[in-house]
Amino acid sequence: ALEGRSAIVTGSTSGIGLGIAEALARAGAAVMLNGFGDPEEIETQRASLSECCDVDVAYDAANMTDPKAIRMMAEHAAMRFGQVDIIVNNAGIQHVAPVEDFPAEKWDAILAINLSAAFHLVQATFQGMRRRGFGRVINVASAHGLIASPFKSAYVAAKHGMVGLTKVVALEGAEDGITCNAICPGYVWTPLVEKQIDGQAASHGIGRDAVIRDVFLKEQPTKRFATVEEMGALAVFLCSDGAASITGTALPVDGGWTAH
Ligand code: NAD
């Protein structure tokens, strides 16, 4: 359904970003991968995705804390693919600590990667989308873009900001065929969640099993983690012509968490 389209997916060497990149490639889009990791592993991922889906797959190592590198990645994709139709602002990090102990440098990094990077990539690609009368901006926010949890001050602030940015970009692109939506996952089983278990255990003073049962899945009525494949399926739908009128939304994909 996405043949002839091209996409940049930030933070797509792992987790949700990788799941979305794979789903877009499988739907026929050319994809620019981005994110950290072992160069050989990334090259293997890139080559196998390109081969399996018979689409062009490239990689750019831009650090999402660096606005210039983000602009250069957009140029890299435009040169390689001829255009950038779809951007998925997905790269994100987390840090869990009580607000009075929250390290200021973690606050700055989370705001830069989880929020400001999306602004910079929109800015670098919007004109081309406008010119061609088609664009899809998908911002991976979070259930924490809609509601809060303790010990996640920077993350919740950045994700609420991402939902606000989503609405503004939707309004500005509306007459030019550009949609902008936020996906708001609850807990999805990825390395980012795995890495939070110890921090949550320390902050709450409980064990790892208790974190999974009483913190992560406590508020998720389905009592299961969502999958990266589910995120990919939604992204493909939002990129399709069938989703042309869905814009400015923050879509919960949280097993009913925010329905409480
Ligand atoms: P992950 O840790 O598995 O993947 C994060 C990706 O971002 C990796 O590819 C990593 O290399 C990349 N990245 C990190 N810092 C970067 C930087 N400075 N520059 C470029 N790339 C960078 O995490 P995930 O769980 O897949 O999370 C992806 C997104 O989904 C994040 O924005 C996260 O907040 C959001 N999210 C995740 C969940 C969840 O339960 N896993 C829930 C809601 C929202």
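Residues numbered from 1 in each chain as written. Predicted model: local features only at pLDDT ≥ 70, side-chain atom pairs only at ≥ 80, totals over all residues.

1. Topic: the packing of helix α3 (residues 67-81) against helix α4 (residues 104-132)
Two numbers describe how α3 lies on α4: the axes approach to 9 Å, and their chain directions differ by 35°. Between α3 and α4 lies a crossing of right-handed hand. In contact with P67, I70, R71, A74 and A78 of α3, α4 contributes A117, H120, L121, A124, T125 and G128. Grouping the constituent residues of the contact of α3 with α4 by class yields 7 nonpolar, 3 polar and 1 charged. (Axes fitted to C-alpha atoms, helices over the stretch in contact; angles between N-to-C directions. Helix = DSSP H or I, 4+ residues; strand = E, 2+ residues; numbered from the N terminus. Left-handed = near helix turned anticlockwise from the far one by under 90°. Contact = placed C-beta atoms within 7 Å. Nonpolar A, V, L, I, M, F, W, Y, C, P; charged D, E, K, R; others polar.)

2. So, the pairing of strand β5 (residues 135-140)
Most of β5 is tucked away, with 6 of its 6 residues classed as buried. The alternating pattern of β5 places G135, V137 and N139 on one face and R136, I138 and V140 on the opposite face, and all of these are buried. Relative to β5, strand β4 (residues 86-89) runs parallel, the two being bridged by 4 bridges. Paired with N89 across the bridge in β5 is N139. The parallel pair β4 and β5 is bridged by α4, and the resulting crossover is right-handed. (Buried ≥ 20, exposed ≤ 12 C-beta atoms within 10 Å, placed from the backbone. Pairing = 2+ DSSP bridges. Right-handed = clockwise from strand over helix to strand, strands pointing away.)

3. Quick look at the domain arrangement of the chain
In terms of domain boundaries, the chain breaks down into domain 1 (6-186 + 226-252) and domain 2 (188-225). Distance from the C-alpha centre of domain 1 to the C-alpha centre of domain 2: 24 Å. With 14 residues of domain 1 in contact, the opposing surface of domain 2 contributes 10 residues. Those elements that place two or more of their residues in the side of domain 1 that touches domain 2 are α1 (15-26) and α9 (228-239). Considered class by class, the residues forming the side of domain 1 that touches domain 2 number 9 nonpolar, 5 polar and no charged. (Domains from an automatic or database assignment.)

4. Re the packing of α1 against α9
Following both chains from N to C, one finds α1 and α9 inclined at 50°, their axes separated by 8 Å at the closest point. Looking at the two axes, α1 sits oblique to α9. Like other packed secondary-structure pairs, α1 and α9 cross with a definite hand, here right-handed. Residues G15, I16, L18, G19, I20, E22, A23 and L24 of α1 form the contact with α9, whose own contacting residues are V228, E229, M231, G232, A233, A235, V236 and C239. Here the contact of α1 with α9 is built from residues that sort into 11 nonpolar, 3 polar and 2 charged. (Parallel < 35°, antiparallel > 145°, perpendicular 65-115°, else oblique.)

5. What about the nonpolar core?
Grouped together as the largest cluster of nonpolar side chains are 70 residues, with contacts concentrated most on A7, I8, L24, A29, V31 and A235. The element that contributes the greatest number of residues to this core is α4, accounting for 9 residues. Leaving out residues up to four positions away in the same chain, I8 has contacts with M32, N34, M73, A74, A77, V84, I87 and L121. (Core = buried A, V, L, I, M, F, W, Y, C linked by C-beta atoms within 7 Å.)

6. Remarks on the sheet that holds strand β6 (residues 178-185)
Strand order in this open sheet of 7 strands is β3-β2-β1-β4-β5-β6-β7, and the pairing throughout is parallel. Looking along the sheet, the strands with just one partner apiece sit at the ends: β3 (57-60) and β7 (250-253). Here the average twist between neighbouring strands, direction ignored, is 20°. On the sheet, α3 packs against β1 (6-9), β2 (30-34) and β3 and is oriented at approximately 155° with respect to β1. Strands β5, β6 and β7 of the sheet are contacted by helix α5 (residues 153-173), whose axis makes an angle of about 160° with β6.

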